[in-house]
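# A closer look at the structure
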Amino acid sequence: MKKLSGWKARALLGFLLGAALTPLAVCLLSTMMLPAEAQAVGSAWAAGLHVVTPAMAEAFGSVGLAALVQSLLGGLFGAVVAVSTLPFADGGRELVVRSLAHFCATALSFSALLWVCRWLDDPRFIPLWVALLALLYALIWLGRWVGWYVEVMQLRTLLGLDPGPTPLKWRETLPYLPFVLLVCDGLPLVLRWVDRTFVVDVPVLSGLILPYLLLPVAGFCSGVSLGKRQGVCPLYPLACFVCYMPMVWLLFNSSALFHCFMVAIPALMGNVLGWLYRRAVPKKGNV
Amino acid sequence: MKVKMEIEPGRQEPEIIILAGAESAELDRLVQELSGLALDPIPVWRGDQTRRLPQGDFLRFFADGKGVSAQTAEAVYAVRLRLYELEERLDPRRFVRISNSEIVNLEMVTALDLSLTGTIRMTLNGTVTVYVSRRYVKKIKETLNLGRRERT
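A few points on the structure.

The rules behind these values
Residues numbered from 1 in each chain as written. Chains lettered and ligands numbered in written order. Predicted model: local features only at pLDDT ≥ 70, side-chain atom pairs only at ≥ 80, totals over all residues. Heavy atoms only, no water. Core = buried A, V, L, I, M, F, W, Y, C linked by side-chain atoms within 4.5 Å. Buried < 20%, exposed > 50% of the residue type's maximum accessible area, 1.4 Å probe, protein only. Helix = DSSP H or I, 4+ residues; strand = E, 2+ residues; numbered from the N terminus. Salt bridge = Lys/Arg side-chain N within 4 Å of Asp/Glu carboxyl O. Contact = heavy atoms within 4.5 Å. Buried area = accessible area lost by both parts, 1.4 Å probe. Nonpolar A, V, L, I, M, F, W, Y, C, P; charged D, E, K, R; others polar. Arc of directions from axis to C-beta.

Attention shifts here to the nonpolar core. In terms of nonpolar packing, the biggest core is built from 28 residues, with B:I98, B:V104, B:L112, B:M122 and B:L124 touching the most fellow members. Sorting the residues of this core by element identifies α6 (126-159) of chain A together with β6 (95-99), β8 (109-114), β9 (120-124), β10 (128-132) and α3 (137-145) of chain B as the ones contributing at least two each. At six residues, α6(A) tops the list of elements feeding residues into this core. One finds A:A218, A:C243, A:M247 and A:A264 within the second-largest nonpolar core, a separate group that totals 24 residues.

Structure follows, in structure tokens:
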């Protein structure tokens, strides 16, 4: 109960800070970014300084009401950010569920700030900002994970155990890199060359067979193999994606960007499936 | 050094108190040795049968909703003590609490793994899998860092 009160206090402090800092941030940004005629809308509040965007003031009919709504939304965002360490208090399923719930709350409050306060001209840009927020989440999670990894390494050392796998199993993934280079770089080059030797204009091999058959099958099978041997290796799908990327620009154009996903997603699925198989049918020496 | 013994009728457990003018390394060693001598076997039950097993035989002690159980390499037994009472009786150099419901024998740890979701999985004796709460990691490190563990 005492602990819950601690979180409530943090949320309240975050709300107050968010509510106070949001108008200040808008004030600072508006004086730098908005054109002079737009800045005049909020000038009744303080000479030359503006607490809400002109578009928001216009939408709400008055600067006062707009500022109140903006402060409430800023406070909500601040409260959510203030309890951002809560998901990391536990591990396993709780960590995943709480992280997802917290991300949803953050994304919603952030999107509301962006759109209701008219910080963006076009709502179509909101998913882009949410994607950036997701990236930030992934980076924070990675930072926390590295911290946990270091702790476990210390415990292993103190217990006199083997050092264990490398961070994110990068070293264990390395033996599969030549195969990835072969499939994601060598194969497209060869197939593109073969396509050019045909009399027909349609690049059947590099445009159809490669992305819809060869890349998914190769990614999936290699992922299963890696998963069975080493468990989940999150860098493997990423390596497939990154290795194919130069081919998109070298052989095709941006419309072929989906090829990267056609190899990375099956690689991830295969890797997880291989890991599940490894768990279900443990071999001697896997323990 | 004077040694004095007093008999108190009705006392359940012997208690040793050392009176000294100041702390010293010799006194610390004496305390450690006396503490080691005081490590009794743990009484366990299986059905109606009771046994007293040496502490080194145990892999872990855990609360399972019905009570506290003790696991050795061969079997699981019932223990009529609470976890905090066990903590007081067990060798602090060897046993450490890893979660609200579990105490493990560090001598029996054969593997320690971290999952992507931050779960710390500990394997005891190569067969028994338990999960370490991250809230207890600091305490485990302190226990190991203090050098109270005597690995053989």
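The next thing to look at is the pattern of salt bridges. A full pass over the atoms with the stated rule returns eight salt bridges over all chains. Linking B:E102 and B:R60 is a salt bridge whose minimum nitrogen-to-oxygen distance equals 2.6 Å. With B:E102 in strand β7 (residues 102-105) and B:R60 in strand β3 (residues 58-63), this residue pair connects regions lying 42 residues apart in the sequence. The exposure class of B:R60 is buried, given its relative accessible area of 14%. B:R93 is paired through a salt bridge with B:D91; the nearest N and O atoms lie 3.0 Å apart. Residue classification places B:D91 among the buried positions, given a relative accessible area of 7%. Each of the salt bridges in this network shares a partner with another, and the network as a whole consists of A:R156, B:D113 and B:R121.

The partner chain A presents 25 residues to the 23 residues of chain B that form the contact. Of the roughly 2,100 Å² buried between chain B and chain A, counting both surfaces, carbon and sulfur atoms make up 65%. Its largest share of buried area at the contact with chain A, chain B owes to B:L112, B:L116 and B:R134, together 32% of the area lost on that side. As a salt-bridge pair, A:R156 and B:D113 come within 3.7 Å of each other at their nearest N and O atoms. Counting only elements with at least two residues in the side of chain B that touches chain A, the list comes to β8 and α3 of chain B. In terms of residue count, β8(B) provides more of the side of chain B that touches chain A than any other element does, six residues in total. Looking at the side of chain B that touches chain A, its residues break down into ten nonpolar, seven polar and six charged.

Further remarks concern α3(B). Taken together, the buried positions of α3(B) are B:V137, B:I140, B:K141, B:T143 and B:L144. With its buried residues spanning 160 degrees around the axis, α3(B) presents them on a single face. Residues of α3(B) that are exposed and angled more than 90 degrees away from the buried face: B:K138 and B:N145. In this fold, the buried residues of α3(B) make contact with α6 of chain A together with β6, β9 and β10 of chain B.

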